[in-house]
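# Topology and contacts: notes
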Amino acid sequence: MQQARLLLLLLLSPLEAPLCPPPPPFHHSSAPVSKLFPKATCQCGLTHEGHARDVEQVYLRCSQGSLEWLYPTGAIIINLRPNTVSPAAARLSVCIKPSRDSSGTNVYLDRNGQLRLLLRERDQAEGRVHCFGIREGALFIEAVPRTDISRRITAFQYELVSDRLRAEAQSPGAPCQPCTDAEMLLAVCTNDFVARGIITNVGQEEEHSSVSVEISRLYRQKTHVFVSGGVRVRSWTGSIKMPKQCKVKSGEGEFLFTGTVRFGEAWMGCAPRYKDFLRLYHEAQQRGTNPCHVDTD
């Protein structure tokens, strides 16, 4: 009988970069990973084989990562334990995004033995983001019984996000709302990317718009969502997603783009015209109410 094989590939966030040990050898224990390797701050790679009747416990401490379960049988419980002792950890949410090729399992939330369906097998091909509060329970992933499991692979990415970003990540198609002055100033200090540039094209996809941009000044980016034009060219290009309801056109002046990065994709937040941001920033600077400094020279 072919055994279930679980492959966990964990990606550290830029804020978490501990040196992780090499992947552990194969083992057949059902003990939690945290007990088997208590000195590891984050399990960067784990290959596990379990028997068909096992319910395996896995503990993940990274802020983002991915999971692949090859030939699923039985069930696994994914316990997400952020690598922090801050009280704010209780207010975190977990967002998962299944691969469009994912199949073979149903996904539940397990809280004290009570299961609540989160994602059916047939819904995983949609690739939609699903979020839940970290206090709502662990992920219980149960294989759908089949005689032939050789071509079944369950795969998804996960990210820990603040409760504030949970609704945005789960419903990127929410109606657009203009940012207040305070939100604009705060976005420049806290968002995953901040860039000054122009819109070169707007494409319509099935569920959102894709805004192509050319960046003349890149203040910050969490991941490389904007690509440099070369060593001698001080410009970057990239694509930012936003809801279809936001009526945006190319060639309408210079903007300050801010937003979040979700599963490797840039999503638009506040995007004032750059001249409007400059006016707002200088006014706040005179009052001494700027939340952070921005080099506007």
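Rules and cut-offs
Residues numbered from 1 in each chain as written. Predicted model: local features only at pLDDT ≥ 70, side-chain atom pairs only at ≥ 80, totals over all residues. Heavy atoms only, no water. Helix = DSSP H or I, 4+ residues; strand = E, 2+ residues; numbered from the N terminus. Buried < 20%, exposed > 50% of the residue type's maximum accessible area, 1.4 Å probe, protein only. Contact = heavy atoms within 4.5 Å. Areas by Shrake-Rupley, 256 points an atom, 1.4 Å probe, with all protein chains shown as cover. Pairing = 2+ DSSP bridges. Axes fitted to C-alpha atoms, helices over the stretch in contact; angles between N-to-C directions. Parallel < 35°, antiparallel > 145°, perpendicular 65-115°, else oblique. Disulfide = S-S within 2.5 Å. pLDDT = per-residue confidence, 0-100. Phe/Tyr/Trp six-rings, centres within 6.5 Å; stacked < 30°, edge-to-face > 60°.

Along its length, the protein chain carries 4 helices and 17 strands. Here the protein chain holds 297 residues, and the buried ones make up 43% of them. Relative to all contacts within the protein chain whose residues are 6 or more apart in sequence, the contacts with residues 24 or more apart total 69%. When the accessible surface of the protein chain is summed, it comes to about 16400 Å², and 51% of that surface belongs to carbon and sulfur atoms.

Read from one edge to the other, the open sheet built from 5 strands follows the order E3-E5-E10-E7-E8, with strand pairing classed as mixed. Each edge of the open sheet is held by one strand with a lone partner, namely strand E3 (55-60) and strand E8 (114-119). Taking the axes of each pair of neighbouring strands and ignoring which way they run, one obtains an average angle of 30° across the sheet. Both strand E7 (residues 105-111) and strand E10 (residues 138-143) contribute to a ladder of 6 bridges, which runs antiparallel. Paired with Leu109 across the strands is Leu139, a residue of E10.

All right, on to the packing of helix H3 (residues 181-190) against helix H4 (residues 274-287) then. It is at 11 Å that the axes of H3 and H4 come closest, and there the two elements cross at 90°. Taken together, H3 and H4 sit at an angle that is classed as roughly perpendicular. Contacts from Asp181, Met184, Leu185 and Val188 in H3 reach Phe277, Leu280, Tyr281 and Ala284 in H4.

Let us look at the state of the cysteines. One pass over the full model with this rule turns up 3 disulfides. Here Cys95 connects covalently by a disulfide to Cys131, the sulfurs 2.1 Å from one another. Note on the Cys95 and Cys131 pair: the S-S dihedral is about 105°, so by sign convention the disulfide is right-handed. On the criterion of sequence distance, the pair formed by Cys95 in strand E6 (residues 92-98) and Cys131 in strand E9 (residues 130-133) is long-range, its members being 36 residues apart. Of the two residues, Cys95 and Cys131, neither departs from the other in class, the shared state being buried. The side chain of Cys179 participates in a disulfide bridge whose partner is Cys270; the two sulfur atoms lie 2.0 Å from each other. Measuring handedness by torsion sign, the sulfur bridge of Cys179 and Cys270 sits at about -95° and is left-handed. Taken together, the residues span a long stretch of sequence, with Cys179 in the loop between helix H2 (163-170) and H3 and Cys270 in the loop between strand E17 (265-268) and H4 at a distance of 91 residues. The exposure class of Cys179 is partly exposed, given its relative accessible area of 22%.

This brings us to the confidence of the model for the protein chain. Of the residues in the protein chain, 74% reach a pLDDT of 70 or more, and the chain-wide mean stands at 77. Confidence drops under pLDDT 50 across residues 1-51; counting only partners more than four residues distant or on other chains, this segment forms 106 contacts.

What follows deals with unusual backbone geometry. Look at Asn112: it is not a glycine, yet its phi comes out positive at around 55°. Here Asn112 lies in the loop between E7 and E8. The phi dihedral of Phe263 is positive, around 50°, even though this residue is not glycine. Judged by relative accessible area, Phe263 falls into the buried class, the value being 10%.

This part covers the packing of aromatic side chains. Per the stated rule, a full pass over the model turns up 5 aromatic pairs. Ring centres 6.3 Å apart and planes at 70° place the aromatic pair Tyr108 and Phe140 in the edge-to-face group. Linking Tyr108 in strand E7 with Phe140 in strand E10, this pair joins segments that are 32 residues apart in sequence. Plain terms: the ring middles of Phe255 and Phe257 are 5.9 Å apart, the flat faces sit at 25° to each other, and that makes the pair stacked. Chaining the aromatic ring pairs together yields one cluster made of Tyr274, Phe277 and Tyr281.

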